[in-house]
There are 2 protein chains.
Amino acid sequence: MNNSFQLKGNLCFVDEEKKLHLLENKVLVVKEGKIDKILDDFDFHSPLPVIDRSGRLILPGMSDLHAHASQYPYHGIGSDCELLEWLGRHAFPTESKYQDLSFAERAYEKFSEDLRKSYTTRISLFATLHKDATLLLMKKMEEKGLRGYVGLVNMDQNCVEYLQEKDAESALEKTEQFIQQAAEFTLVKPIITPRFALSCSEAELKGLGELSIQYSLPVQSHLDENPSEILETARLFPGYKNYSDIYYRNHLFGNPNKTVMAHCIYNNEEEVEMLKDNGVYVAHCPECNLNVMSGIAPIRKYLDRGIHVGLGSDVSGGSNLDLTLQIRALMQVSKAYSRLVDSKARPLSLVDGFALATIGGGSFFGKVGSFLEGYEADILVIDDHPESFLLPFSLGERLEHFLMRADETTLVAKFISGRRVL
Amino acid sequence: MNNSFQLKGNLCFVDEEKKLHLLENKVLVVKEGKIDKILDDFDFHSPLPVIDRSGRLILPGMSDLHAHASQYPYHGIGSDCELLEWLGRHAFPTESKYQDLSFAERAYEKFSEDLRKSYTTRISLFATLHKDATLLLMKKMEEKGLRGYVGLVNMDQNCVEYLQEKDAESALEKTEQFIQQAAEFTLVKPIITPRFALSCSEAELKGLGELSIQYSLPVQSHLDENPSEILETARLFPGYKNYSDIYYRNHLFGNPNKTVMAHCIYNNEEEVEMLKDNGVYVAHCPECNLNVMSGIAPIRKYLDRGIHVGLGSDVSGGSNLDLTLQIRALMQVSKAYSRLVDSKARPLSLVDGFALATIGGGSFFGKVGSFLEGYEADILVIDDHPESFLLPFSLGERLEHFLMRADETTLVAKFISGRRVL
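Analysis parameters
- Residues numbered from 1 in each chain as written.
- Chains lettered and ligands numbered in written order.
- Predicted model: local features only at pLDDT ≥ 70, side-chain atom pairs only at ≥ 80, totals over all residues.
- Heavy atoms only, no water.
- Buried < 20%, exposed > 50% of the residue type's maximum accessible area, 1.4 Å probe, protein only.
- Helix = DSSP H or I, 4+ residues; strand = E, 2+ residues; numbered from the N terminus.
- Pairing = 2+ DSSP bridges.
- Phe/Tyr/Trp six-rings, centres within 6.5 Å; stacked < 30°, edge-to-face > 60°.
- Contact = heavy atoms within 4.5 Å.
- Buried area = accessible area lost by both parts, 1.4 Å probe.
- Salt bridge = Lys/Arg side-chain N within 4 Å of Asp/Glu carboxyl O.
- Polar contact = N/O pair within 3.5 Å; in protein donor to acceptor, adjacent residues only side chain to side chain.
- Nonpolar A, V, L, I, M, F, W, Y, C, P; charged D, E, K, R; others polar.
- Arc of directions from axis to C-beta.
- Axes fitted to C-alpha atoms, helices over the stretch in contact; angles between N-to-C directions.
- Left-handed = near helix turned anticlockwise from the far one by under 90°.
- Least-squares fit on C-alpha atoms with pLDDT ≥ 70 in both.
- Expected span 1.5 Å × (residues − 1).

Would you explain the pairing of strand E16 (residues 411-416) of chain B in this entry?
Residues and elements named next belong to chain B. Judged by how many residues are buried, E16 sits mostly within the fold: five of six residues are covered. Sheet topology note: the E16/strand E17 (residues 419-420) ladder contains two bridges and is antiparallel. Residue pairing in the sheet places Ile416 in a bridge with Arg419 of E17. The loop that links E16 with its antiparallel partner E17 comprises two residues; one of these, Ser417, has a positive phi angle of about 45°.

Put into structure tokens, the structure is as follows:
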């Protein structure tokens, strides 16, 4: 029973009420990949093996609700572009390379290996429109024990000639094949992925919605990211009452299937209601939103309204798979929003950020992101080198110091559903 | 001649017109600690030793115009406070510990050692009000070959009882002793450092201005950082026309001596003119300004007006000595400013940020921050692991990728005035 053990250390996690728990040197009991209970000390009568990491920080794994695996080769490049220019100059040329499976092999090997070494234990990924390369990405993740969703990206209009599906019909056929072939994987699952409304014909959107229902698959896309994109979308889809409605009326917006929409910066009031009513997740990508100059999403408002929110690295509009960077960016942009836009919007705290990175985004994947009974045992063991501290930090301060300064060399072990992957 | 050599690699630097130069595998000739010239290849007839770092990135050292060495023990803590709360909860309690020289020994050893390993080659530091601890910091920097200014912090009012000078007279006497004792150091120099107007009596400000003139010393302080601070300052100093005027009329604002003011977020038009007229440097600390929710400084405007601007890590309002983090934050906040406050303010680019981090702040210390003839040979050698790139990055893209993703493990050598310190 590799995925059953007792692990002792400083447990730091957020519960379903978003309350922070800081438990010094307690024992997390994991049975068959799930959290069973928390004990004061090891139960030496139990047959479960003991792992003593006293003094280390033990955190739930983090969930990345939005990233483009295919864009990873140019992460950290293109910082001087706005969204639409950035797509043309960087995203599309790189994504077109995945037609070549030998490029895909090298690129996805590096991506999945870096993902393995990151704080992320669950992720929802965009690949490209290339079916075989996308299946290869799934295979690599599966082999490394990584879990999450991978989307074959649909885009049959308004893209560049060298990176666009021929027509809706063949695209939908390819997508259905992808779904069927992806059934061989058990840790990584397919997700329906219209790139964004602009790049999909109505026929394609409609077909994708039908596939989502037929195969009970979740959905991911982009929504209300950039003012120019929103204007252009309204022009192209005059028959819909707003951007969200394009997805909604094509069965790509929540109920019955789970949906995550990246960004949601400029949703109007009607669209905010639609997020709430349909249980749609918002993937907040604060660093990317700064990098490509999209703006600042009103996350405090979404949380107050009970809308589901998680974090997205948005590689490679974001520079880095490290989700602690998004926690820092989230706090910083929400303070800027409070200072510059709406002084009544209380800034998000470090605990808010930690909550979104763990249970907030985690719940998109099931019972993920906490140490409550029955949760998946996604666990990070962190050595924050307390011997180097000059002040007597409390456990809460150690957690803060780690989240504010993290570099991935501090990650000494990582478990996904109780299986050690690092 | 340890500080004379020929160094080959990919030279990346900005000149006095803020133009970026990218020179692939050229040779930087350093004579007696200064840049002599750039050659196409090694001159093997020259007696100067050759150092071949072909393929690596060779950058000018970075200058940090604002940091509190004494606050380093709690870097990465206190992210949920605004400025004045943050001072009371974190800054003052920590700074008071430097009365104990054994604490100062440990804390400044760690600070100066981390500084040695950073991208920074020149720095202007706040210590605390404790003379002996401040001299100890200077000694440690000198021993490690680090250069810059260190300020004994003056604060004789409105602070906490346990961290406040008794009166202006004894404070000025202590400061003059500090200046005289600091004369033993050659690489590190003293700088006049009223903490900020709020914490100094008029008698102290006047006396500090006189010391600055008498000993020809530069000056550093804080200016227009936070709305509450500005209101309180106006209330306490009713006889001055604005915040800057308090420093100006006490000879603590530029000409004849160099002055650097941290933050400058809310300077009114008259104060902007005063910055310009008096050649005052602005230390832009974008991450700290987000962290303690101060706001966003109008840096594009300052640059357009020809005001000197450099970057400040502002440890520990900033989380990190790494100035590349400030380059990223600078770009991000300036994009947010453009999007949310003034759409006419063109965002700062990566090259703008690189310029501010090198020659922009460097010029506060003399001819520092470029590879032009006669400049101090402050040099970073960076291994950005180009073998790991999946795309054929140009040299400009490699520089961008490094600045956007830097971690200090990439720094393989560092020279200050031609002397190797790492």
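That covers the picture; the talk isn't over yet.
When you look at the packing of aromatic side chains in this model, what are you seeing that I'm missing?
Any two aromatic rings considered together are summarised by their centre-to-centre distance and by the angle between their planes. Residues and elements named next belong to chain B. Evaluation of the coordinates by the stated rule reveals 30 aromatic pairs over all chains. Taking the centre distance of 5.7 Å and the plane angle of 55° together, the rings of Phe42 and Phe44 count as tilted. Classification of Phe42 as buried rests on a relative accessible area of 11%. Relative to Tyr240, the ring of Phe237 has its centre 6.0 Å away and its plane inclined at 65°; by these criteria the two rings are edge-to-face. Just as Phe237 is buried, Tyr240 falls in that class too.

Explanation requested: the interface of chain B and chain A in the structure shown.
Often, the extent of an interface is quoted as the loss of accessible area on bringing the components together. Taken together, the contact pairs 47 residues of chain B with 47 residues of chain A. Summed over both partners, the interface of chain B with chain A buries about 4,200 Å², with 62% contributed by carbon and sulfur atoms. The interface formed by chain B and chain A holds zero salt bridges in total. Linking chain B to chain A there are 18 residue pairs in polar contact (both at pLDDT 80 or more). Contributing elements (two or more residues each) for the side of chain B that touches chain A: helix H2 (101-116), helix H9 (286-291), helix H11 (323-340) and helix H13 (395-405) of chain B. For the side of chain B that touches chain A, the leading source of residues is H11(B), giving seven residues. Residue composition of the side of chain B that touches chain A, by class: 20 nonpolar, 16 polar and 11 charged.

For this particular structure, what's the right way to read helix H8 (residues 269-277) of chain A?
The α-helix advances 3.6 residues per turn, and as a result positions three or four apart in sequence lie on the same side. Residue and element names in this part refer to chain A. Residues of H8 that are buried include every one of Glu271, Val272, Met274 and Leu275, and no others. The buried residues of H8 all sit within an arc of 160° when viewed along its axis, so they share a single face. Elements in contact with the buried residues of H8: strand E11 (219-223), helix H7 (243-248), strand E13 (281-284) and helix H10 (299-304). A positive backbone phi angle near 60° is found at Gly279, which sits one or two residues after H8.

Where do I start with the packing of H2(B) against helix H3 (residues 131-143) of chain B in this structure?
When two helices pack together, their arrangement is given by the angle between the helix axes and by the axis-to-axis distance. Residues and elements named next belong to chain B. Viewed as axis vectors pointing N to C, H2 and H3 meet at an angle of 35°, and their least axial separation amounts to 9 Å. Handedness of the H2/H3 crossing: right-handed. Contacts between H2 and H3 involve Leu101, Ala104, Glu105, Tyr108, Glu109, Phe111, Ser112 and Leu115 on the former and, on the latter, Asp132, Ala133, Leu136, Leu137, Lys140 and Met141. Of the residues contributing to the contact of H2 with H3, the split by class is nine nonpolar, one polar and four charged.

How should I be thinking about the environment of Gln177(B) in this particular structure?
Of note, Gln177(B) is situated in helix H4 (residues 168-181). Considering only alpha carbons, one finds Gln177(B) and Lys131(B), 46 residues apart in sequence, at a separation of 8.5 Å.

Would you mind showing me how to read the relation of the copies chain B and chain A here?
Think of it as a corkscrew move, a rotation about one axis and a shift along it, taking one chain copy to the other. Relative to chain A, chain B is turned by 180° and slid 0.0 Å along the rotation axis, the superposed coordinates differing by an RMSD of 0.0 Å. Considering both components of the superposition, the chain copies are consistent with a two-fold axis. Measuring from the rotation axis to each C-alpha of chain B, the shortest distance belongs to Leu340(B), at 3.6 Å. A symmetric contact is evident, with 100% of the interface residues of chain B recurring at the interface of chain A.

Looking at this structure, I do not really get the sheet that holds strand E2 (residues 20-31) of chain A. What am I missing?
Remark on secondary structure: sheet strands pair via backbone hydrogen bonds, oriented parallel or antiparallel. Residue and element names in this part refer to chain A. Strand order across the open sheet formed by seven strands is E3-E2-E1-E4-E15-E16-E17, with mixed pairing between neighbours. The open sheet terminates on both sides in strands that have one partner only, identified here as strand E3 (34-39) and strand E17 (419-420). As paired strands, strand E1 (residues 5-14) and E2 are joined by nine bridges and run antiparallel to one another. The residue of E2 that forms the bridge with Gly9 is Lys26.

It is not clear to me how unusual backbone geometry should be interpreted in this structure. Could you clarify?
The phi angle of most residues is negative, glycine excepted, and most peptide bonds adopt the trans form. Look at the link from Val315(A) to Ser316(A): it is a cis peptide, with omega at 10°. With respect to the helices and strands, Ser316(A) occurs in the loop between strand E14 (309-311) and helix H11 (323-340). For Asn158(B), which is not glycine, the phi dihedral falls at a positive 60°. Residue placement: Asn158(B) occurs in the loop between strand E8 (153-154) and H4. Backbone geometry at Ser417(B) places phi at a positive 45°, although glycine is not the residue there. By secondary structure assignment, the location of Ser417(B) is in the loop between E16 and E17. What makes Ser417(B) buried here is its relative accessible area of 7%.

How should I be thinking about helix H3 (residues 131-143) of chain A in this particular structure?
Residue and element names in this part refer to chain A. With 13 residues, H3 extends 18 Å between its outermost C-alpha atoms, agreeing within 8% with the 18 Å of an ideal straight helix rising 1.5 Å per residue. Of all 13 residues that make up H3, 10 are buried, and the element is covered over most of its length. Every buried residue belonging to H3 is among Lys131, Ala133, Thr134, Leu135, Leu136, Leu137, Met138, Lys140, Met141 and Glu142, and all of these are buried. Of the surrounding secondary structure, the elements contacted by the buried residues of H3 are helix H2 (101-116), strand E6 (120-126), strand E7 (147-151), helix H4 (168-181) and strand E9 (188-190). Of the residues flanking the end of H3, it is Gly145, one or two places downstream, whose phi is positive at about 80°.

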